[in-house]
Amino acid sequence: MINDVILKKLNLQNNDFLLVFDPDNLLAEEDVVDHINGLGFTIIHYEDPEVFRYFYEENIRSVLDKDEELKIKIIIKYTSEQTIPYDIQLKCSFIELSLRNLFPKLSYSVIKELFTEVIDRLYIAYQNYDGPILGDNGTKEFILKHVYGIIPEAIIDFQDL
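This is a predicted model, so every value here is computed, not measured.

Colleague: Can you break down the packing of helix 1 (residues 2-10) against helix 2 (residues 30-38) residue by residue, with the values?
Modeller: Close contact between helix 1 and helix 2 brings their axes to 9 Å; oriented N to C, the two are set at 40°. For the element pair helix 1 and helix 2, the recorded crossing hand is right-handed. Facing helix 1, whose interface residues are Asn3, Ile6, Leu7 and Leu10, helix 2 presents Asp31, Val32, His35 and Ile36. Among the residues forming the contact of helix 1 with helix 2, the class breakdown is five nonpolar, two polar and one charged.

Colleague: Explain the confidence of the model for the chain residue by residue, including any values.
Modeller: With 94% of its residues at a pLDDT of 70 or more, the chain has an overall mean of 87. For the chain, per-element mean pLDDT is lowest for helix 3 (residues 49-65), which scores 84, and highest for helix 6 (residues 108-111), which scores 96.

Colleague: Tell me about unusual backbone geometry, residues and numbers included.
Modeller: Residue Asn11 is not a glycine yet carries a positive backbone phi of 50°. With respect to the secondary-structure elements, Asn11 resides in the loop between helix 1 and strand 1 (17-21). Here Asn25, not a glycine, exhibits a phi torsion of approximately 60°, which is positive.

Rules behind the numbers
The residue numbering used here restarts from 1 in each chain and proceeds along that chain's sequence as written. With pLDDT at 70 or above as the cut-off, local features in this predicted model cover only qualifying residues; side-chain atom pairs require 80 or more to be listed or tallied, and sums for whole chains, interfaces and linings still use all residues. To obtain the side-chain values, all non-hydrogen atoms of the structure were used and water was disregarded. Inter-axis angles, ranging from 0 to 180 degrees, are taken between N-to-C directions of lines fitted to C-alpha atoms, where helices are fitted over the stretch in contact. Counting from the N terminus, the helices are the DSSP runs of H or I reaching at least four residues and the strands are the DSSP runs of E reaching at least two. Crossing handedness: left-handed means the near helix sits turned counterclockwise from the far one by under a right angle, and right-handed means the same turn made clockwise. The contact criterion used throughout is that any non-hydrogen atoms of two residues lie within 4.5 Å. Under the scheme applied here, ten amino acids are nonpolar (Ala, Val, Leu, Ile, Met, Phe, Trp, Tyr, Cys and Pro), four are charged (Asp, Glu, Lys and Arg), and all others, including Gly, are polar. Confidence of the predictor at the level of single residues is captured by pLDDT, which takes values from 0 to 100.

This is the structure:
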């Protein structure tokens, strides 16, 4: 479920050269990577600016400067607040993938601690949520009720838990 949302946000049918800010490492999911690779994309992790610049100049810029189409489809993925050179930003479509964007009314500090297996169930439950922005405690309560089916008010003693 959430993998489909991620792939839809990438809009891979209309983009051949993407710059993806992925602080929560959502592009690391095996199904997502397999689908992206199946569409002919290569995911490049932007970690070392000098190594990336060399790769970019050798394989991408020379093609783009000639107004030719890239022979490979590329996703440049970075996970921290690194500065991507401006000339590269101009050539790419930019997309931010984060749990903060997928769940804007829930506490980011809480949902980033969840196991990836829970994120699908949370996304399904979140689709029906139209209430206010929740803090940490409200988000925890929402997760307990709507993802795990636990109603905290009904727990009186250890046996109830």
